[in-house]
Amino acid sequence: HECARIKPFVPPTTTTALPPPVEGRRVAWFMSMSKPDDEVSATYVDFARAATASARLNAPTLYPFFLYTFLPHQDVEEPDDRLVRFLKRASG
């Protein structure tokens, strides 16, 4: 069957494979997620990276904004994690 031959989308591990951000009018796209602090929430980071890469490749006018919500047991601080570093590199 033809569908069985389609390889699943694997998000780039580096932003060098992404085209540069487009200039001009862009559409804001918001996603809110809790700051990852366990194995389950860490999978959301993979989803956010895949969504960002997919948008850059397939809908380059989308401008993603990721809003972290902090859980009561988490310190509110400037996040510096895998997702934040990926997004900073991807922003050009």
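Here, every reference points to the structure presented above.
Just so it is clear, the model here is predicted, and its values are computed rather than measured.

Estimated volume of the largest pocket: approximately 430 Å³. Counting only elements with at least two residues in the lining of the largest pocket, the list comes to helix H1 (39-58), strand E2 (62-69) and helix H2 (82-90). Considering each element in turn, the lining of the largest pocket owes the most residues, 7 residues, to E2.

Counting residues in hydrophobic clusters, the biggest one holds 8 residues: Met31, Met33, Val45, Ala48, Phe66, Tyr68, Leu83 and Val84. Those elements that place two or more of their residues in this core are strand E1 (27-34), H1, E2 and H2.

The description of an aromatic ring pair uses the distance of the two centres, along with the angle that the planes make with each other. With the rule as written, the count across this model stands at 3 aromatic pairs. Considering the side-chain rings of Tyr63 and Phe65, the 5.0 Å spacing of their centres and the 65 degrees angle between planes classify their relative orientation as edge-to-face. By relative accessible area, which is 38% here, Tyr63 ends up partly exposed. The exposure class of Phe65 is partly exposed, given its relative accessible area of 32%. Of note, Arg49 hangs over the ring of Phe86, and the distance from its end group to the ring centre comes to 4.8 Å.

Each value, and the rule that gives it
Residues numbered from 1 in each chain as written. Predicted model: local features only at pLDDT ≥ 70, side-chain atom pairs only at ≥ 80, totals over all residues. Heavy atoms only, no water. 1 Å grid on protein atoms, 1.4 Å probe; cavity = no way out; pocket = protein on both sides within 12 Å on 5 of 7 lines; lining within 4 Å. Points joined across faces, edges and corners; volume = space filled by probe spheres on them. Helix = DSSP H or I, 4+ residues; strand = E, 2+ residues; numbered from the N terminus. Core = buried A, V, L, I, M, F, W, Y, C linked by side-chain atoms within 4.5 Å. Buried < 20%, exposed > 50% of the residue type's maximum accessible area, 1.4 Å probe, protein only. Phe/Tyr/Trp six-rings, centres within 6.5 Å; stacked < 30°, edge-to-face > 60°. Lys NZ or Arg CZ within 6 Å of the ring centre and 35° of its normal.

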